[in-house]
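One-letter residues, chain by chain:
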Amino acid sequence: SLLEVAGNLARLLRSLHAVGVAHLDVKPENIVCRPDGRLALIDWEHARFLDDREPVLLYGTLLYMAPELRPSGAPSPIHAGLDVWSFGATLLQLA
């Protein structure tokens, strides 16, 4: 169910952020189900450390991208909220 997917993905992101990493490309195409039934994220091309002080410009899938990462010419510092935005957009798409 969508509620189970949401809970699993939220736990996955919480664990990822707890070790100081932001995925930065959370979207349905990057979520897979492991043989044990848990979810996993793939495509780590845009992942960055949360404590990265160097702002970066990232370009990904606009539908799931936090507004501050969208191509505007202004770099954004890396924070967990960027994945949270994508989490919400992903759940909306899945619904």
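Calculation notes
Residues numbered from 1 in each chain as written. Predicted model: local features only at pLDDT ≥ 70, side-chain atom pairs only at ≥ 80, totals over all residues. Heavy atoms only, no water. Helix = DSSP H or I, 4+ residues; strand = E, 2+ residues; numbered from the N terminus. Expected span 1.5 Å × (residues − 1). Buried < 20%, exposed > 50% of the residue type's maximum accessible area, 1.4 Å probe, protein only. Contact = heavy atoms within 4.5 Å. Salt bridge = Lys/Arg side-chain N within 4 Å of Asp/Glu carboxyl O.

A. A look at helix 2 (residues 81-94). Between its terminal C-alpha atoms helix 2 stretches 20 Å, which fits the 20 Å expected from 14 residues at 1.5 Å a residue. All of the buried residues in helix 2 are Leu-82, Asp-83, Ser-86, Phe-87, Ala-89, Thr-90 and Leu-91. Residues of helix 2 that are buried sit in contact with helix 1 (2-18), strand 1 (21-22) and strand 2 (31-33).

B. Local environment of the pattern of salt bridges. For the structure shown, the criterion picks out two salt bridges. Ionic pairing is found between Asp-36 and Arg-34, a salt bridge with its closest N-O pair at 2.7 Å. According to the relative accessible area criterion, Asp-36 is partly exposed, its value standing at 47%. Arg-34 gets classed as partly exposed once you look at its relative accessible area, which sits at 33%. Residues Arg-38 and Asp-36 are paired through a salt bridge, measuring 3.1 Å at the closest nitrogen-oxygen approach. Residue Arg-38 is classed as partly exposed on the basis of its relative accessible area of 47%. A cluster of three or more residues bridged by salt bridges with shared partners is formed by Arg-34, Asp-36 and Arg-38.

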